[in-house]
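Take a look at the letters that make up each chain.
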Amino acid sequence: MTDISQSGAPKHASSLLSKDARTAKRNRAESRFKLYGILAIAVGLLMLITLVYNIVSRGTGAFTQTFVTLDVTLAEDKLDKNGNRNLDEIKKVSTFGYAPLIKDAISSEVEKLGIQTDLSAKDQAAILSKSAAAQLRDYVIANPDKIGETVQFRFLANSRVDGYMKGRVSRESIANDKSISPAQLDFVDQLVADGVIVKSFNLDFIFGADASDQRPEAAGIGVSMIGSLFMMLVVLALALPIGVAASIYLEEFAPKNWITDIIEVNISNLAAVPSIVFGILGLAVFINYMHLPMSAPLVGGLVLTLMTLPTIIISTRASLKAVPPSIRDAALGVGASKMQSVFHHVLPLAAPGILTGTIIGLAQALGETAPLLLIGMVGFIASNAPDSVASGLLSPNSAMPAQIYEWAKRADPAFYERAWGGIIILLIFLVTMNTVAVILRRRFERRW
Amino acid sequence: MNDMARVERVVDTGQAKITASDVQVHYGDTHAIKDVNVNIGDKTVTAFIGPSGCGKSTFLRCLNRMNDTIDVCRVKGNILLDGEDIYDKRVDPVQLRAKVGMVFQKPNPFPKSIYDNVAYGPRIHGLAKNKAELDEIVEKSLRRGAIWNEVKDRLDAPGTGLSGGQQQRLCIARAVATEPEVLLMDEPCSALDPIATAQVEELIDELRQRYSVVIVTHSMQQAARVSQKTAFFHLGNLVEFGETGQIFTNPQDPRTESYITGRIG
Ligand SMILES: Nc1ncnc2c1ncn2[C@@H]1O[C@H](COP(=O)(O)OP(=O)(O)OP(=O)(O)O)[C@@H](O)[C@H]1O
Ligand SMILES: [Mg+2]
């Protein structure tokens, strides 16, 4: 004790009410660091805002569409010459057979409204989408009894007209465009004034199927959404049980030796393998060797499972590691077996982490495009909604990101808008999944 | 210190429950237990004392093979429970731990309700036929753990929400709920106030009627109060083992004497 009292003046002699130089310096360093932190967050936020603004401003257009409402007389002499309503005969009339009906409908509308125009009936009808005839035909085949009557239809407008309504197309920009003329735009203006052409919300973009190069106005993301859904089901059904079982074994049961070390290193390596490698692997193994169908969501799901497994294993092992060892001791101490201690005590505590890891892995898989290109899940294939679970898994389909890539690749700027719209939908899914992950984690962690 | 005067205590010299001979424990390169030979009697309380880091916990954990869970730990020598080698290849440590229960140095309740904490052991060992019997076991165990009055109105509350001392008593209740034949207690009272300590000591005394209890403690007074036999460990060696009264009043080894009089520690 004497050493302390002999050491001369006290070390902290100054008043507590004034800061000494050292404290002031430390405080300055701290506030500088806080400033850097705030700046970093500001930069991040700015980028996020730019991104969201861009996506929203470019993509919202895809959710509205220009429609033309017309009364069409389903003339019996053109659709059912024999008048016996035989469905097979009605089906023989191709979409070309319906074109005159549309021309007649638009001419009579023009006459009724008293619109002055020099356009031929054919040019007038050209403001409609090429899908209009098919829409009519589908309707007639579904309701043969309506033949002979006049029915009101809401047709999609041609993508140029739609672009004109959205400000993408102007009279200057179509100077070299053969598919539409300034006179047709004048005609559109007149129809808009009369309320025949309106722009309204387009549910078909969200639920509909992709359409061919010629009809961007009819393309929707719905079917590829189903493709994505089936792939996610495959991933969830395979990657979660395999990943969790592997992690539990490695973390809780496996002896710690060089073999498990090698396995551990390789799982980390696997997580770093570029996704396109998994794609070509899937092509070689699942399609060329196992002869699973090309472009099938089942194959896509298998490839994405390979990709997601390491993510799930790593996050599961991390959450198992985070469970305090004293809990394992406690369980073993009352005579629980290793397996009981894991399943009764460790796993429930690790579950929120496992769940979060799984959802984040799924979200990654949902946004993955590259491997799908290699197994042919891209191109104009998302054209029919599957009618059963089996066909959902096995019949050719696309996936949301692949569909977006496909649209972005096509020449027509109308598809470009749809690509942005698709990105909005994809991002809504991803944000929802990540939010669910956060909420689940909070909920389960707060239990005790 | 007048507890130490209780030399006249009745010592039940029942036959040995656990016989350890030539026990060596290594943690990797650390030689934590060196050649320990000790007989732990049935229906007796044996206290392990010694300075921090001398291997008391390590040796205690050998007795129910909790050291198996530590990868780097190697145990050599013989430990017999009722004449059977517990390190025999045919022994399932799970069965052993049902017989030899343990209360750990740090309280470690399950993050479950108080009820489930106590009911867990009886459930996995099938000790209760129905809910009523289980309720009874839980109540009896909590009473023996000297915590019943504090928790009887909130058996559904999480065990981890209790104070440190309450958690430790819950862990004691959990350990006695499985009706072990030997109870190993690693500093069970280090987080308890004097009242709870007295209750736990009373429990230990009561358990002695049927079981064998081994308790690690840093409190000489406690060792003197509750135990019949005392083992003094120092740097991994069992320096002295004998009647508690004799160890505290007439130690044979100078190291024991220095320790109990507070000169080394
Ligand atoms: N898991 C472990 N890994 C490596 N060494 C360990 C481990 N546990 C204990 N040891 C070492 O073994 C020796 C004995 O430790 P032990 O925990 O048995 O001491 P103790 O007598 O219980 O001490 P205390 O009174 O502080 O609890 C110490 O030197 C310690 O460093
Ligand atoms: Mg200890």
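Right above here is the structure, for reference.
Sequence order sets the numbering: in each chain, residues are counted from 1 along the sequence as written. Lettering of chains starts at A and numbering of ligands starts at 1, both following the order in which they are written. This being a predicted model, a pLDDT of at least 70 is required before a residue's local features are given, and a value of 80 or more before pairs of side-chain atoms are given or counted; all residues contribute to the totals for chains, interfaces and linings. In computing side-chain properties, one takes all heavy atoms of the structure into account and sets aside hydrogens as well as water.

K.L.:
When you look at the overall build of chain A in this model, what are you seeing that I'm missing?
P.N.:
Assigned secondary structure in chain A consists of 20 helices and three strands. In this description the radius of gyration comes from C-alpha coordinates, and the expected globular size is given by 2.2 Å times residues to the power 0.38. Against the globule reference of 22 Å for 448 residues, chain A gives a C-alpha radius of gyration of 32 Å, more extended than a compact globule. Dimensions of chain A along its principal axes, counting C-alpha atoms only, are 120 × 60 × 40 Å. Burial statistics for chain A: of 448 residues in total, 42% are counted as buried. In chain A, 77% of the contacts between residues at least 6 apart in sequence involve partners at least 24 apart. The way it works is that DSSP assigns letters per residue, a run of H or I at least four long becomes a helix, a run of E at least two long becomes a strand, and they are numbered from the N terminus. Only protein chains enter the accessibility calculation, which uses a 1.4 Å probe; a residue whose area is less than 20% of its type maximum is buried, one above 50% is exposed, and one in between is partly exposed. Residue contacts are counted whenever heavy atoms from the two residues lie within 4.5 Å of one another.

K.L.:
I keep staring at the coordination of the magnesium ion (ligand 2) and nothing clicks. Help me out?
P.N.:
Six octahedral donors around a metal ideally subtend angles of 90 or 180 degrees, whereas four tetrahedral donors ideally subtend 109.5 degrees. Residue and element names in this part refer to chain B. Coordinating donors are taken as N, O and S atoms within 2.8 Å of the metal, stretched to 3.2 Å for Na, K and Ca; because water is absent from the atoms, sites can appear incomplete. At 1.8 to 2.4 Å from the magnesium ion (ligand 2) lie its protein donor atoms, namely S57 (OG) and Q105 (OE1). Highlighted residues: S57 in helix α1 (residues 56-62) and Q105 in the loop between β6 (100-103) and α3 (114-125), separated in sequence by 48 residues. Here Q105 falls in the partly exposed class, since its relative accessible area comes to 36%.

K.L.:
Looking at this structure, how should I read helix α13 (residues 275-289) of chain A?
P.N.:
Side chains three or four residues apart in an α-helix point the same way, a direct result of the helix having 3.6 residues per turn. All names here are of chain A. Look at α13: 20 Å from first C-alpha to last across 15 residues, which is about the 21 Å you get at 1.5 Å a residue. In this scheme, the bend at a residue equals the angle between the axes fitted to the seven residues that finish there and the seven that begin there. Within α13, the axis deviates most sharply at G282, by approximately 30°. Looking at α13, one finds that the buried residues are S275, F278, G279, G282, F286 and I287. H291 sits one or two positions beyond α13 and adopts a positive phi of about 60°. Between the first and last residue of a helix there are one fewer steps than residues, each counted as 1.5 Å, and that sum is the expected span.

K.L.:
Honestly, the pattern of salt bridges in this entry has me stumped. Any pointers?
P.N.:
Oppositely charged side chains are able to pair whenever their charged atoms sit close together. Criterion for a salt bridge: a side-chain nitrogen of Lys or Arg within 4 Å of a carboxyl oxygen of Asp or Glu. Evaluation of the coordinates by the stated rule reveals 36 salt bridges over all chains. With a closest N to O distance of 2.8 Å, A:K166 and A:D162 form a salt bridge. Residue A:K166 and its partner A:D162 are both found in helix α8 (residues 159-166); the two are separated by four residues, about one turn of the helix. Exposure remark for A:K166: the relative accessible area of 21% places this residue in the partly exposed category. A salt bridge links B:E206 to B:R144; the shortest N-O distance between them is 3.5 Å. Residue B:E206 is located in helix α7 (residues 194-207), and its partner B:R144 is located in helix α4 (residues 131-144); the two are separated by 62 residues in the primary sequence. The network of salt bridges with common partners includes A:D210, A:D213, A:E406, A:K409 and A:R410.

Don't take any of this as a statement about function, it's just geometry.
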